Amino acid sequence: MNVDKKALEKPWGGRFLEATEKMLEEFSASVHYDRRLYRQDIAGSKVHARMLARQGIISDKDADAIIKGLGEIEEEIASGDFVWSHELEDVHMNIEQALVERIGDAGKRLHTARSRNDQVAADIRLYLREEIDRLDGLLSLLQEALLHQARAHQDLILPGYTHLQRAQPVLWPHHMLAYFEMFRRDRDRLQDCRKRVNICPLGSAALAGTGFPIDREYVAEELGFHGITANSLDAVSDRDFIIEFLATASIVMAHLSRLSEELILWTSAEFSFVDLPDSFCTGSSIMPQKKNPDVPELVRGKTGRVYGHLMSLLTIIKGLPLAYNRDLQEDKEALFDTVDTVCASVEIMAALVARLVPRKEHISRIVTQGFLTATDLADYLVKKGMPFRQAHSVVGKAVSQCISQGKELTDMSLEDLKAFSSLIDEDIFEVLSIEGSVGTRRCPGGTAPERVAEALATAEKKMTHG
Ligand code: ARG
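In this section: the pattern of salt bridges. Evaluated as defined, the whole model comprises 38 salt bridges. Across the salt bridge formed by Arg-184 and Asp-188, the nearest N and O atoms sit 3.7 Å from each other. Residue Arg-184 and its partner Asp-188 are located together in helix H8 (residues 172-197), separated by four residues, close to a single helical turn. Accessibility expressed as a relative area gives 23% for Arg-184, which makes it partly exposed. With a relative accessible area of 45%, Asp-188 lands in the partly exposed category. The partner of Arg-451 in a salt bridge is Glu-454, and the shortest N-O contact between them spans 3.1 Å. One end of the pair, Arg-451, and the other, Glu-454, are both in helix H20 (residues 449-465), three residues apart, so they sit about a helical turn from each other. Judged by its relative accessible area of 42%, Glu-454 is partly exposed. Connected through salt bridges with shared partners, the residues Lys-68, Glu-72, Glu-76 and Arg-102 form a single ionic network.

In this section: the nonpolar core. In this structure, Leu-142, Phe-245, Leu-256, Trp-266, Leu-335, Val-346 and Met-349 are the most contacted members of the largest nonpolar core, which totals 109 residues. Broken down by element, this core gets its largest block of residues, 15 residues, from helix H7 (residues 116-152). The residues contacting Leu-142, other than those within four sequence positions of it, are Phe-183, Leu-256, Val-346, Met-349, Ala-350 and Val-353. Counting residues in hydrophobic clusters, the runner-up holds 20 residues, among them Val-394, Cys-402, Leu-409 and Ile-424.

Together, Met-1, Val-3, Leu-8 and Leu-17 make up an exposed nonpolar region whose accessible area comes to about 440 Å². Tracing the backbone through its elements, the reader meets Met-1 in the segment before helix H1 (22-28). For Met-1, a relative accessible area of 88% gives the class exposed.

The next subject is the packing of aromatic side chains. Evaluation of the coordinates by the stated rule reveals seven aromatic pairs. On the numbers, 5.1 Å between centres and 75° between planes, the contact of Tyr-127 with Phe-336 is edge-to-face. With Tyr-127 in helix H7 and Phe-336 in helix H13 (residues 331-354), this residue pair connects regions lying 209 residues apart in the sequence. Residue Tyr-127 is classed as buried on the basis of its relative accessible area of 3%. Here Phe-336 falls in the buried class, since its relative accessible area comes to 4%. The cationic tip of Arg-15 hangs over the ring face of Phe-16; the distance from NZ or CZ to the ring centre is 5.7 Å. One cation-aromatic arrangement involves Arg-54 over Tyr-218; the distance from NZ or CZ to the ring centre is 3.9 Å.

Where H7 contacts H20, the axes come no closer than 11 Å and their chain directions differ by 150°. Classified by the interaxial angle, the pair formed by H7 and H20 is roughly antiparallel. As H7 runs across H20, the sense of the crossing is left-handed. On the side of H7, the interface is formed by Ser-140, Gln-143, Glu-144, Leu-147, Ala-150 and Arg-151, while H20 contributes Leu-456, Ala-459, Glu-460 and Met-463. Its residues assigned to classes, the contact of H7 with H20 comprises five nonpolar, two polar and three charged.

Reading guide: rules and limits
- Residues numbered from 1 in each chain as written.
- Predicted model: local features only at pLDDT ≥ 70, side-chain atom pairs only at ≥ 80, totals over all residues.
- Heavy atoms only, no water.
- Salt bridge = Lys/Arg side-chain N within 4 Å of Asp/Glu carboxyl O.
- Helix = DSSP H or I, 4+ residues; strand = E, 2+ residues; numbered from the N terminus.
- Buried < 20%, exposed > 50% of the residue type's maximum accessible area, 1.4 Å probe, protein only.
- Core = buried A, V, L, I, M, F, W, Y, C linked by side-chain atoms within 4.5 Å.
- Contact = heavy atoms within 4.5 Å.
- Patch = residues over 30% accessible without salt bridge, like charges linked within 9 Å, V, L, I, M, F, W, Y side chains within 5 Å.
- Areas by Shrake-Rupley, 256 points an atom, 1.4 Å probe, with all protein chains shown as cover.
- Phe/Tyr/Trp six-rings, centres within 6.5 Å; stacked < 30°, edge-to-face > 60°.
- Lys NZ or Arg CZ within 6 Å of the ring centre and 35° of its normal.
- Axes fitted to C-alpha atoms, helices over the stretch in contact; angles between N-to-C directions.
- Parallel < 35°, antiparallel > 145°, perpendicular 65-115°, else oblique.
- Left-handed = near helix turned anticlockwise from the far one by under 90°.
- Nonpolar A, V, L, I, M, F, W, Y, C, P; charged D, E, K, R; others polar.

What follows is the structure in structure tokens.
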């Protein structure tokens, strides 16, 4: 038989007669990105080797050599001296091959009772568990920044909007706490997702489990997993735990994007509600007056990218028969880019939010314009006995007259107002004030100062006690 010797250089080359096409090597290699998993891969291999020795499957001497060799390889990778090879496809085979070169036959025993299929699933789970914890920390910084803003300008009242039309006045801290709540739920979702990430698939081997007397519980515990997967076919082939993370990350990005959109609007001359620090903006190469809100614009843009990764993984999974299929290698770039994008976005938004400066004078001036307290006038009439629908219509007429005369409701005299309803008395001017309006909204979750102060205290407690 005519065997090309190069075929045998592959760890799986035994049954091959021809060497791999260069084109295929290029096409199928993942090492240029999955090398990111080297720490997790080595951690998993060390525990696997120790377990094999404890179970009498390999000798203690071999396990010791494997663990020592892997430790040295890890240092070499960390220092940047390790030479990665495309021909060895992925991070797993690169490390295994380096181990064999270093310690000989003992290295060749490491892959007993496992497959790259359970290995890669374990590596991703270990990696994602860490990144979830990092993202959670960054989200808490963003929440802190929002709390700082809420605390710093507790009395500021700004227009609240529906349909981006001025609606009713709300407290600035109430507005900040709205985002705090969104990110609180995002963190809950992350913790929930983490539960399903943190399960150990090792021992599932290629697809059917293994005949060696392994100890899956030991491996899981040593690696900090809180349990083992229940079905080997499922464990090597599902990536729903990544999809859950991508979905959660997508929701985080949706929230960041909403905040971004608001900041972009707020920094425009049309709103002029906040100033962003110069150090977080850029100028225009042609228009000297420009100061552009690049950070929120980029975050809004990157949101599309993360949604794309979620779609991509959902699509990759949907047609796969059990069990492992090579398509699954496409999971990693989507995951890595999502992690990078969402972490960087949360981090920079936390820094930016901490430094927002509301234009208080301007906000306080414009908040008295645009009939923001019209609902309060209607509610006033209702409290005096008028049915709400009738009150709504009466106030509508008053607003309409004000618009035609270029006035606000507060510009009208008591007589003018009385012309719309005899129920109106002197106490109406307090009702029509911005402070009066905010002050009445005392129901739980409302924008009254005492409710907001309570909400702020609760939020602060949550941040310190979890
Ligand atoms: N690089 C592969 C991946 O990411 C590792 C598993 C390969 N398994 C296999 N049977 N070819 O999915």
